[in-house]
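# Report on the structure
Single-letter residue listing:
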Amino acid sequence: MTADLLAAPAPAAVAAVARGRRRRASRRRTVVAVLAALVAVAFVATLVLGRTVYPLGDVLRVVLGGDVPGATFTVGRLRLPRGVLGVVAGLSFGLGGVTFQTLLRNPLASPDVIGITSGASAAAAFAIVVLGWGGTAVSAVAIAAALGVSLLVYALAFKDGVAGTRLILIGIGLAAMAKSTTSYVLSKAGAWDFAEALRWLTGSLNGADWDGAVPALLALVVLGPVLLAQGSRLSALQLGDDTASALGVRVERTRVVAIVAAVGLIAFATAACGPIAFVSFLAGPIAARVVGPHGSLLVPAALVGALLVLVADLVGQLALGTRFPVGVVTGVLGAPYLVHLIVRTHRAGGSL
Amino acid sequence: MTDQHRLAAEALTLAYGERAVIEGLDLAVPPGRITAIVGANASGKSTLLRSMSRLLPPRSGQVVLDGRSVHRLPAKELARTLGLLPQSPLAPEGITVADLVGRGRHPHQGLFTRWSRDDDAAVAAALEATSTTPLADRPVDELSGGQRQRVWIAMALAQQTDLLLLDEPTTFLDVSHQIEVLDLLTDLNRSRGTTIVMVLHDLNLAARYADHLVALAGGTVHAAGDPADVLTEQCVRTVFGLDSRVVVDPTCGKPLMLPIGRHHMAPVAALHGDRGTARS
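A short tour of the structure in this document, coming up. (Residues numbered from 1 in each chain as written. Chains lettered and ligands numbered in written order. Predicted model: local features only at pLDDT ≥ 70, side-chain atom pairs only at ≥ 80, totals over all residues.)

### Quick word on the overall build of chain B
Broken down by element type, chain B carries 10 helices and 12 strands. At 20 Å, chain B has a C-alpha radius of gyration in line with the 19 Å of a compact globule built from 280 residues. Each principal axis of the C-alpha atoms in chain B carries an extent, and together these give about 70 × 45 × 35 Å. When the 280 residues of chain B are sorted by exposure, 47% land in the buried category. Restricting the contact set of chain B to residue pairs at least 6 apart, pairs at least 24 apart contribute 66%. (Helix = DSSP H or I, 4+ residues; strand = E, 2+ residues; numbered from the N terminus. Rg over C-alpha atoms; globule rule 2.2 N^0.38 Å. Buried ≥ 20, exposed ≤ 12 C-beta atoms within 10 Å, placed from the backbone. Contact = placed C-beta atoms within 7 Å.)

### Some remarks on the overall build of chain A
Scanning chain A for helices and strands turns up 14 helices and 0 strands. The linear arrangement of helices and strands in chain A, starting from the amino end, is α-α-α-α-α-α-α-α-α-α-α-α-α-α. Relative to the 2.2 N^0.38 estimate, which gives 20 Å for 352 residues, the radius of gyration of chain A is 22 Å and therefore close to what a compact globule would have. Each of the 352 residues in chain A was classed as buried or not, and the buried ones make up 52%. Taking all contacts inside chain A whose residues are at least 6 apart in sequence as the whole, residues at least 24 apart take part in 76%.

### Here's the deal with the interface of chain B and chain A
Listed by partner, the interface residues are 41 residues for chain B and 31 residues for chain A. For the side of chain B that touches chain A, the secondary-structure elements that each account for two or more residues are α2 (75-81), β6 (82-85), α3 (97-102), α4 (117-129) and α6 (175-192) of chain B. Ranked by residues supplied to the side of chain B that touches chain A, first place goes to α4(B) with 7 residues. Taken together, the residues that form the side of chain B that touches chain A break down as 22 nonpolar, 9 polar and 10 charged. (Nonpolar A, V, L, I, M, F, W, Y, C, P; charged D, E, K, R; others polar.)

### Comments concerning the environment of Val246(B)
Residues and elements named next belong to chain B. Here Val246 shows up in strand β11 (residues 243-248). C-beta crowding within 10 Å serves as the criterion here: with 23 such atoms nearby, Val246 is assigned to the buried category. The sequence separation of Val246 and Asp137 amounts to 109 residues, and the corresponding C-alpha distance is 46 Å.

### Some remarks on the sheet that holds strand β7 (residues 163-167) of chain B
All names here are of chain B. Read across the sheet, 6 strands follow the order β6-β7-β8-β3-β9-β10 without closing on themselves; strand pairing throughout is mixed. Unpaired on one side and paired on the other, β6 and β10 (220-225) mark the two borders of the sheet. Averaged over all pairs of adjacent strands, the angle between their axes in this sheet comes to 15°, without regard to strand direction. When β6 meets β7, the two strands line up parallel, connected through 4 bridges. Considered in β7, the bridge of Leu82 is made with Leu163. (Pairing = 2+ DSSP bridges. Axes fitted to C-alpha atoms, helices over the stretch in contact; angles between N-to-C directions.)

### Let's talk about the packing of helix α8 (residues 210-229) of chain A against helix α11 (residues 251-273) of chain A
Relative placement of two packed helices is described by the angle separating their axes and the distance separating the axes. Residue and element names in this part refer to chain A. Two numbers describe how α8 lies on α11: the axes approach to 9 Å, and their chain directions differ by 165°. The orientation of α8 relative to α11 falls into the category roughly antiparallel. Considering only the axes of α8 and α11, their crossing is left-handed. Counting all contacts with α8, which are made through Gly212, Ala213, Pro215, Ala216, Ala219, Leu220, Leu223, Val226 and Leu227, the residues of α11 involved are Val257, Ala258, Ala261, Ala262, Gly264, Leu265, Phe268, Ala269 and Ala272. Residue composition of the contact of α8 with α11, grouped by class: 16 nonpolar, 2 polar and no charged. (Parallel < 35°, antiparallel > 145°, perpendicular 65-115°, else oblique. Left-handed = near helix turned anticlockwise from the far one by under 90°.)

Next comes the structure, spelled out in structure tokens:
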């Protein structure tokens, strides 16, 4: 070890550091670009494929406002809002999920596992079925419920600080309560059709329209950038609260801003399409696996979320004979991963 | 790098809930020197260090950096002057050494400022200073305890602060790695003039490496100053409740504390036979 630390580092050493950083950054850029391209392809597929397959030219004309007999209704009124809502909800679930997982430093602590999505869903179902509300009021109730559940989970888990495991177990309990509330509310609604009921139980893009998609889109446009601006601070928080604070991050403020923004995104998306199972839970870990631990996971996780929703919706509609809601497909994908995660944590000697 | 920052605690009282851990403590950190804080378990060493780096707001009194309270300074501005390595920082799964060290540049980067050549140079210098350049592309999870600690110190170095606070930087390290880390910190102090404040468990290593030794007891400073004046048998008895002998360390001339337990002691006569070398 040299005793002279004043010496400037050798240019070669600086160049090596810069090279390594550029290599990691370019890998990250490539992965993000590929993910974005896949999302675009899946979005176009959502517009083109279905019971009737329309040629790309027709689809493009409809999207640009032209009139094509048949396609104008199917693509313009049904598939376009469905695809847009799929992308918006996927991005929102991905962003919200990875934010929670980063802040609580536990992949199990995603909003769909700890009851936030279920709470929003139960409130939305209650508002629609029992109170007969619609539109903005439903979104408002869903957001209030999501915030309420987050506060409740936090308050119940708080004892000399919040321990991850306790918070997750309490959240799972609240999620179960919220889900049974949803079931109860839906059973009370006699004239309620089954597909609509499934939306609030597992999440579905069936029956998506602009009235539902636009509030979620606006929420993403407003809250998405708020969350992205916290990206580097969230990365610093991965090193622990003390280290982050020593690096000049205002820990509490960052946590509050990030959680409120994440809860808002989740709640708006849930109010539009229900609690699409496991998307926010899966998006972060999958993104981490593909981009590696370099830089912020927000953007990759958002894209993975959108891709999951679109692909699962296509599979649910086209591949299985019966038209399954998207949440059924993501649920089938997510459950094994949940088991894997718990087994792995258990093997590693964790307490959960 | 040589303009000297002054860090001091003034009538500082720190508490967790109702329980006051530190009460009315005054402490001036000598600029450009190495200060070690020692004390019994739960004597508030780490609490004091956390408060000095803004992590814990004081119940009363203040921590002052260059005449301004650290709890009022903008977070990033403070982080460019004063760095802290906490006791158990967390490494995200799979992160590489170079990436982790690069995170130390956070206070130097704005929301829209790109990674600059200065950042690369700071990371390269930090890697070189801690001899971790060959590890740059390795995942942190795969490193040994000693290597990992050097990487964390590298991250703190990349922050390029004139003041560096470390909370037990040698815990969990075997003796050779403890010496390696303390030698590195000494190099840093001697060549860059970085002011170092560290909490240490090992009294003898603290006495050897510190220019200024601070012994905490009863929530306040029991003694502070040159290790030779601070580390006495009387002091060990008050601070740790332990009988001991303090002799001159033949390897460095600093005081060396030898604890006296209830077993394995030489006959009393032999014990007090060579009082000549003791400092009491």
